[in-house]
Amino acid sequence: MFQGASSISLDAKGRLSVPTRHRDVLSATAAGQLTITKHPHGCLMIFPRPEWEAFRARIAELPMSAQWWKRIFLGNAMDCELDASGRVLVAPELRAAAGITKGAVLLGMGNHFELWDAETYAAQEAEAMKGEMPDVFKDFSF
């Protein structure tokens, strides 16, 4: 559903403008309703509401031993909506958690997006590219 990287800037109010190639899909599949929450790798996850509902149900079923993960994902989730200009407000608490001030990278990750601080993403991607590919890719031919 969603793929590709977009370099974006948040405006002074903390709104991000969703790239036009994703707006129609978000309007059709989620009526522009989104949920944003923390990701343990230091970015934010942005879900169309139906995808969030499925993710939330899976998280809610986790055992008590995963209670902190429930708190991270569910306790920090914030519902929002695309405005008429295709922008969405990212709450200050979530921007601070991901270190996003202005420049950001929006990554399509299939059924959701990741929103990264641009510098953090570039540094972590460069670090990952230095290492060896995980064994899960052994059957892929590049």
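Residues numbered from 1 in each chain as written. Predicted model: local features only at pLDDT ≥ 70, side-chain atom pairs only at ≥ 80, totals over all residues. Heavy atoms only, no water.

So, on to a nonpolar patch on the surface. Residues Met133, Val136, Phe137, Phe140 and Phe142 make up a contiguous nonpolar surface patch of about 610 Å² in total accessible area. One can find Val136 in the segment after helix H5 (118–130). (Patch = residues over 30% accessible without salt bridge, like charges linked within 9 Å, V, L, I, M, F, W, Y side chains within 5 Å. Areas by Shrake-Rupley, 256 points an atom, 1.4 Å probe, with all protein chains shown as cover. Salt bridge = Lys/Arg side-chain N within 4 Å of Asp/Glu carboxyl O. Helix = DSSP H or I, 4+ residues; strand = E, 2+ residues; numbered from the N terminus.)

Here we come to the environment of Ala28. Take Ala28: it is sitting in helix H1 (residues 20–30). Spatially, the C-alpha atoms of Ala28 and Leu115 are 21 Å apart, while their sequence positions differ by 87 residues.

A word on the UniProt feature "domain: SpoVT-AbrB" (unreviewed entry) in the protein. Using the residue numbers shown here, the UniProt feature "domain: SpoVT-AbrB" (unreviewed entry) corresponds to residues 5–51 and 77–120. With 30% helix and 40% strand, residues 5–51 has its two end C-alpha atoms placed 20 Å apart. Counted over residues 77–120, helix gives 23% and strand 45%. Its end C-alpha atoms are 22 Å apart. (UniProt positions renumbered as here; feature names shortened; annotations may be inferred.)

Attention shifts here to H1. Residues three or four positions apart in an α-helix share a direction because the helix packs 3.6 residues into each turn. Those residues of H1 that fall on the buried side of the exposure criterion are His22, Leu26 and Ala30. Buried residues in H1, looked at end-on, bunch into an arc of 40 degrees, giving them a common side. For H1, exposure combined with an orientation more than 90 degrees from the buried face picks out Thr20, Asp24 and Ala28. On its buried face, H1 is in contact with strand S1 (2–9), strand S3 (33–38), strand S4 (44–48), helix H2 (49–60) and strand S8 (113–117). Residue Ala31 follows H1 closely and has a positive phi angle near 50 degrees. (Buried < 20%, exposed > 50% of the residue type's maximum accessible area, 1.4 Å probe, protein only. Arc of directions from axis to C-beta. Contact = heavy atoms within 4.5 Å.)

Okay, the pattern of salt bridges next. Overall, the coordinates contain 5 salt bridges when judged by the stated rule. For Arg15, the salt bridge is made with Asp11, and the minimal N-O distance between the two is 2.7 Å. Between Asp79 and Arg49 there is a salt bridge; the shortest N-O distance is 3.7 Å. Within this pair, whereas Asp79 is found in strand S5 (residues 78–81), its partner Arg49 is found in helix H2, the two being separated by 30 residues in sequence. On the basis of relative accessible area, Arg49 is assigned to the buried category, the value being 15%.

With that settled, the discussion passes to the environment of Trp69. Topologically, Trp69 is positioned in helix H3 (residues 67–75). For Trp69, a relative accessible area of 41% puts it in the partly exposed group. The spatial distance from the C-alpha of Trp69 to the C-alpha of Ile59 is 8.1 Å, given a sequence separation of 10 residues.

Here the focus is the pairing of S4. Most of S4 is tucked away, with 5 of its 5 residues classed as buried. Side-chain alternation along S4 places Leu44, Ile46 and Pro48 on one buried face and Met45 and Phe47 on a second face that is also buried. Pairing of S3 with S4, which is carried by 5 bridges, proceeds in the antiparallel orientation. Residue pairing in the sheet places Lys38 in a bridge with Leu44 of S4. Hairpin connection, S3 to S4: the antiparallel pair is bridged by 5 residues, and Gly42 has positive phi, about 100 degrees. (Pairing = 2+ DSSP bridges.)

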